[in-house]
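An overview of the molecular structure
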Amino acid sequence: MTLPSVPNPRPGPRQICVPCRLAAIGVAALALAGGFAYTAGWLTPGRLSAPRIIDTFEAVAGQHPGYRRNHAKGLCVEGYFDSNGNGVALSRAAVFAPGRTPVSGRFAVPGGNPSAPDTSSPVRSFALQFSLADGEQWRTGMNSTPVFAVHTPAQFYQQLLAAKPDPATGKPDPAKMKAFYAANPETQPFQRWVKAHPPSSSLANAAYYSINAFLFTDAGGTTRAVRWAVEPETPYAPITAAEQAEKNFLAADLNERLQQGPLRWHLILNVAQPGDPVDDATLQWPDNRQRVDAGTLVIEHASSQENGECRDINFDPTILPAGIAPSNDPLLAARSAAYALSFKRRTREEALHPEVHQTQTSSPQQKPQQSEQQGEHS
Amino acid sequence: MTRARTHFSPLARLLHWTMAPLIIAMLFIGVGMVATVSRAHDTLLALHRPLGIALLLLVVLRLAVRITCGAPPLPENMSKVQRVAAKASHIVLYALMAAMPLIGWAMVSAAGYPVTLAGSLHLPPIAPHDATLFALLRALHTWLAFALFATVLLHLAAALLHALILRDGVWQSMTRGGR
């Protein structure tokens, strides 16, 4: 080795053996690399992570390239939100000032199978993206139940595992679901609500709820916890026996209704009182809480999810305009992380295999049978 | 004036030591936020965007400083292989430092997300809302991040080698004042 060109005047590290100094360099590099691998979750495959949740969805529902890993079956809708200005009292978000905001949305059925029957779950979902004039956005993914089944991402994951189809029967093992519910009493309010409220006969006559609570801050800087809902102008009617038998009716029904004219919902903001649970989606707030009707959501058009605008939208509920912020509900961050990975995977599949959506979009002419069964419309 | 400089300028050193911890933090934030489902996800994501844009501004300034002020020459007794490795790794570092925030910004744009920095403050999109473009940029952002982390590790190991073994003044050129 050549001699150092700049002699070090201080003794110090020179006295330490060269292999020791080399080892120190190696340890420093390894520590940094190890910390990186740990942060990425590569050293702790048992830890609950976004990849683990999405992998489990894929294991439960099978591979459906190009589709969302959950709420895979759905359709796109478009319309607008007419704000009446009442929401300004709760949030300084521009969407609540009087005026119109364009909206792109999606109705869906829970589960990872894009061909599942509409009746496979008592729950339906309605996702919306409000595109504010200044470039901000408000995205929300709402469910037709005011309470969620589980409180934490860990419970959500356990529920997903319990619902995994038995390879022998192809259906979830009822004993496993029962054991999960018994072990997680937080699921009771959800189960009670579902038992007492049969699904609606249409996507148009159901209310959809924000699931989680959010923090609304007004122009004066006051912050309040809010859960919102969109409540339909179309009167609720329970699912009919014919619809139950039909299994796939939601998309065709919505399309038919939209041909008669736009469908309307009222955006209702429910304000928490001190002491109301803000970070637990399994618990409802009392009925007598302040309700603010912030305006009318109008849906004018529907299109298939294979070529509609909603296909390339990730309805991450933490994408919010200033004036609305996520609450401490642990589900919110998990939803954001898991949705992002689902979006990453399905857009990758779309990019590598553009034909993944062709089978469904091009089928109505060639395969009317399947189109009807899917309830899709071109 | 005529003598060759032996140290980086104070501004170059300030930029280097400001950016070094920020870049390492960004790599950890990025790899952590896509894995965790805890509330840290939201916090890390909210940090990642403004820090990325701050690093983009810093790297533009740093490139200008590097181009106008240059770098002190490497020790004369360094082998040709070492010189090439040093030069190449610095070019790769500069390229990745500039590319990562730009790809991140374009990727967020292509996903159709608002490019939020803080509150209602957001940047305009620099790419169209396009899922195929997003897929490409999203993959690039990950793989170039790994490449950047590997290059940073090499750079750190080489710097420590100069500091602890070779003692040829290269470490001092970035850590101390001087000509």
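Definitions and cut-offs
Residues numbered from 1 in each chain as written. Chains lettered and ligands numbered in written order. Predicted model: local features only at pLDDT ≥ 70, side-chain atom pairs only at ≥ 80, totals over all residues. Helix = DSSP H or I, 4+ residues; strand = E, 2+ residues; numbered from the N terminus. Buried ≥ 20, exposed ≤ 12 C-beta atoms within 10 Å, placed from the backbone. Contact = placed C-beta atoms within 7 Å. Pairing = 2+ DSSP bridges. Core = buried A, V, L, I, M, F, W, Y, C linked by C-beta atoms within 7 Å. Nonpolar A, V, L, I, M, F, W, Y, C, P; charged D, E, K, R; others polar. pLDDT = per-residue confidence, 0-100. Axes fitted to C-alpha atoms, helices over the stretch in contact; angles between N-to-C directions. Parallel < 35°, antiparallel > 145°, perpendicular 65-115°, else oblique. Left-handed = near helix turned anticlockwise from the far one by under 90°. Expected span 1.5 Å × (residues − 1).

1. Description of the overall build of chain B
- When helices and strands are tallied, chain B shows 5 helices and 2 strands.
- Taken from the N to the C terminus, the helices and strands of chain B come in the order α-α-α-β-β-α-α.
- Each of the three principal axes of chain B carries a C-alpha extent, and together these read 55 × 30 × 30 Å.
- Buried residues in chain B amount to 31% of all 179 residues.
- For chain B, the share of sequence-separated contacts (at least 6 apart) that also reach a separation of at least 24 residues comes to 70%.

2. Remarks on the overall build of chain A
- Along the backbone of chain A there are 11 helices and 10 strands.
- Overall, chain A is about 90 × 60 × 45 Å in size when its C-alpha atoms are taken along their principal axes.
- Put simply, 73% of the contacts in chain A that link residues at least 6 apart link residues at least 24 apart.

3. Things to note about the pairing of strand β7 (residues 223-232) of chain A
Residues and elements named next belong to chain A.
- Here 2 bridges tie strand β5 (residues 208-209) to β7, and the two strands are oriented antiparallel to one another. Along β7, the bridge assignment pairs tyrosine 208 with valine 230.
- Hairpin geometry of strand β6 (residues 214-217) and β7 is characterised by an intervening segment of 5 residues between the two adjacent antiparallel strands and by a positive phi of about 95° at glycine 221.
- In terms of strand pairing, β7 meets strand β8 (residues 263-271) through 7 bridges, oriented antiparallel. Each bridged residue has a counterpart across the sheet, and for glutamate 231 the counterpart in β8 is histidine 266.

4. A closer look at the nonpolar core
- Counting residues in each nonpolar core, the largest one holds 113 residues, and the members touching the most others are Ala50, Phe148, Val226, Ala337 and Ala338 of chain A together with Val37 and Met107 of chain B.
- In terms of residue count, the dominant contributor to this core is helix α8 (residues 330-352) of chain A (10 residues).
- Those residues in contact with valine 37 of chain B, other than ones at most four positions away along the chain, are Leu48, Ser49, Ala50, Ile53, Pro153, Ala333, Ala334, Ala337 and Ala338 of chain A.

5. A few points about the interface of chain B and chain A
- Residue-level contacts link 42 residues of chain B with 49 residues of chain A.
- Elements represented by at least two residues in the side of chain B that touches chain A include exactly α1 (10-33), α2 (40-69) and α4 (131-166) of chain B.
- Among the elements that line the side of chain B that touches chain A, the one with the most residues is α4 of chain B, at 16 residues.
- For the side of chain B that touches chain A, the class distribution of residues is 24 nonpolar, 12 polar and 6 charged.

6. Brief notes about the pairing of β8 of chain A
- In this sheet, strand β9 (residues 291-304) of chain A lies alongside β8 of chain A in antiparallel orientation, the contact comprising 8 bridges. Directly across from leucine 269 of chain A, in β9 of chain A, lies its bridge partner valine 292 of chain A.

7. Considering the environment of tyrosine 236 of chain A
Residues and elements named next belong to chain A.
- Locating tyrosine 236 in the fold gives a position in the loop between β7 and α6 (241-246).
- Accessibility expressed as a C-beta count within 10 Å gives 14 for tyrosine 236, which makes it partly exposed.
- In the structure, tyrosine 236 is positioned 135 residues away from threonine 101 in sequence and 26 Å away in space, judged by C-alpha atoms.

8. Here's the deal with the confidence of the model for chain A
Residue and element names in this part refer to chain A.
- Confidence in the prediction for chain A averages 90 pLDDT; 91% of positions are at 70 or higher.
- This model gives residues 1-5 a pLDDT under 50, and the stretch forms 9 contacts once residues within four places in sequence are excluded.
- Per-residue pLDDT stays below 50 along residues 360-378; that stretch engages in 28 contacts with residues further than four places along the chain or on separate chains.

9. With respect to the environment of alanine 175 of chain A
Residues and elements named next belong to chain A.
- The topology assignment puts alanine 175 in helix α4 (residues 174-183).
- On the neighbour-count criterion, alanine 175 (10 C-beta atoms within 10 Å) is exposed.
- Each C-alpha atom, one on alanine 175 and one on alanine 162, is 8.9 Å from the other, the two residues being 13 residues apart in sequence.

10. Structural notes on unusual backbone geometry
- The backbone of isoleucine 211 of chain A sits at a positive phi, close to 65°, despite the residue not being glycine.
- Looking at where isoleucine 211 of chain A falls in the secondary structure, it is placed in the loop between β5 and β6.
- Looking at isoleucine 211 of chain A, the number of C-beta atoms within 10 Å reads 21, which means it is buried.
- If you check the backbone angles, arginine 167 of chain B has positive phi at about 50° while not being a glycine.
- Its place among the elements puts arginine 167 of chain B in the loop between α4 and α5 (170-175).

11. Re the confidence of the model for chain B
- With 97% of its residues at a pLDDT of 70 or more, chain B shows a mean pLDDT of 93.
- Across the interface, the model reports ipTM at 0.93; the global pTM reads 0.90.

12. Some details on the packing of helix α2 (residues 50-61) of chain A against helix α3 (residues 153-162) of chain A
All names here are of chain A.
- One way to put it is that α2 packs onto α3 with a least axis distance of 10 Å and a crossing angle of 20°. It follows from the interaxial angle that α2 and α3 lie roughly parallel. Of the two possible hands of crossing, α2 and α3 adopt the one that is left-handed. Across the interface between the two elements, Ile53, Thr56, Phe57 and Val60 of α2 pack against Tyr157, Leu160 and Leu161 of α3.
- Of the residues contributing to the contact of α2 with α3, the split by class is 6 nonpolar, 1 polar and no charged.

13. Description of α4 of chain B
- Between its first and last C-alpha atoms α4 of chain B spans 50 Å; for 36 residues at 1.5 Å apiece the expected length is 52 Å, and the two agree.
- When α4 of chain B is considered as a whole, its buried residues turn out to be Ala131, Phe134, Ala135, Leu137, Arg138, Leu148, Phe149, Val152, His162 and Leu166 of chain B.
- Residues of α4 of chain B that are buried make contact with α1 (18-39) and α8 of chain A together with α1, α3 (80-110) and α5 of chain B.
- Arginine 167 of chain B lies just past α4 of chain B and shows a positive phi near 50°.

14. Quick look at the environment of histidine 71 of chain A
All names here are of chain A.
- Checked against the element boundaries, histidine 71 lands in the loop between α2 and β1 (73-83).
- The class for histidine 71 is buried, based on 25 C-beta atoms found within 10 Å.
- Apart from the residues within four sequence positions on either side, histidine 71 is in contact with Ala108, Val109, Pro110 and Ser125.

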